[in-house]
Amino acid sequence: MVDEVILLGYWPSTFGVRTRIALEEKDIKFDYREQDLFNKSSLLLEMNPVHKKIPVLIHNGKPVCESLIQVEYIDETWPGKIPLLPSDPYQRDQAKFWGDFIDKMVPGLVRLMWGAKGEEQEAGKKEFIEMLKTVESELGDKTYFGGEAFGYVDIALIGYYCWFDAFEKYGNFSIEAECPKIIAWAKSCMKRDSVAKSLPDSEKVTELVPELKKKWLCLKSL
């Protein structure tokens with residue numbers, strides 16, 4: 001039986017990128033279906049009735065929600081390819097810890113990007129930079145977070161890279177000045193076909209921000 005793999009996503013999503021990269025790393029063919037987050041499709045609502053969010057991975061008709069869960073699912077479902085998570089239980093749990101930590105950067109980014117001004121925006125920027133520096137300290141001088149092996153933690157973080165220009169523009173700071181090793185790591189990741197094919201163009205993301213901010217503020221006012 002040939003696997004039917006469908007991915008519901010939204011092109012600038014940092015989370016949807018994770019699933020695309022994992023599928024590309026495993027060389028799994030999939031049908032990507034772009035979603036309008038402001039006019040959600042019946043398929044998205046059917047496949048993720050709880051959160052109604054992307055990404056949704058649909059494997060032979062069965063939905064898997066939440067991007068990091070999807071990465072783990074892909075690794076377990078197609079184990080014969082390049083492993084994304086370590087086999088050692090401790091190292092595996094450490095990778096999942098850092099994936100969860102990276103997701104905790106989102107609240108600071110929300111305050112930085114979406115409508116906050118003055119002290120609130122500065123607080124968001126400070127929180128993001130501090131957390132990114134913590135992640136950088138875990139990376140150290142390694143090529144990837146797993147050493148020489150690209151994997152789960154790299155996938156968890158690299159989706160943010162296409163948003164770095166937007167973060168810098170609207171936050172008025174330099175990520176490279178604050179976290180040079182993260183930028184060097186990101187450039188190494190971009191040399192991988194799976195990453196280069198999956199990440200959207202950063203200029204297009206930055207150009208989209210005013211429209212997204214407008215929609216975000218409209219939703220907050222409802």
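Conventions we followed
- Each chain has its residues counted from 1, following the order in which its sequence is written.
- Per-residue local features of the predicted model are confined to residues with pLDDT of at least 70, and side-chain atom pairs are confined, for both listing and counting, to 80 or more; whole-chain, interface and lining totals are unaffected and use all residues.
- Only heavy atoms go into the side-chain values, all of them from the structure, while hydrogens and water stay out.
- The criterion for strand pairing is that DSSP finds at least two bridges linking the strands in question.
- Secondary structure counts use DSSP, requiring at least four H or I residues in a row for a helix and at least two E residues in a row for a strand, with both numbered from the N terminus.
- Inter-axis angles, ranging from 0 to 180 degrees, are taken between N-to-C directions of lines fitted to C-alpha atoms, where helices are fitted over the stretch in contact.
- Whether two residues are in contact is decided by their heavy atoms: any pair within 4.5 Å suffices.
- Any angle from 65 to 115 degrees is called roughly perpendicular, while one under 35 is roughly parallel, one over 145 is roughly antiparallel, and all others are oblique.
- In this count, Pro and Cys sit with the nonpolar residues alongside Ala, Val, Leu, Ile, Met, Phe, Trp and Tyr, while Asp, Glu, Lys and Arg are called charged and the others, Gly among them, polar.

Caption draft 1: Geometry of the sheet that holds strand E3 (residues 56–59). One open sheet holds the 4 strands; their spatial order is E2-E1-E3-E4, and the pairing between them is mixed. The open sheet has two free edges, formed respectively by strand E2 (31–34) and strand E4 (62–65), since each of these has just one partner strand. Neighbour-to-neighbour, the strand axes of this sheet turn through a mean angle of 20°, independent of strand direction. For strand E1 (residues 5–9) and E2, the ladder comprises 4 bridges, and the chain directions are parallel. Pairing of leucine 7 across the sheet is with tyrosine 32, part of E2. Contacting E1, E2 and E3, helix H1 (residues 14–25) runs over the sheet at an angle of about 155° to E1.

Caption draft 2: The arrangement of the packing of helix H5 (residues 106–113) against helix H8 (residues 164–171) in detail. The interhelical angle for the contact between H5 and H8, taken along N-to-C directions, is 50°, at an axis separation of 9 Å. Judged by the inter-axis angle, H5 sits oblique to H8. Of the residues in H8, those in contact with Leu109, Leu112 and Met113 of H5 are Ala166, Phe167, Tyr170 and Gly171. The residue makeup of the contact of H5 with H8, split by class, is 6 nonpolar, 1 polar and no charged.

The values are spatial; any link to function lies outside them.
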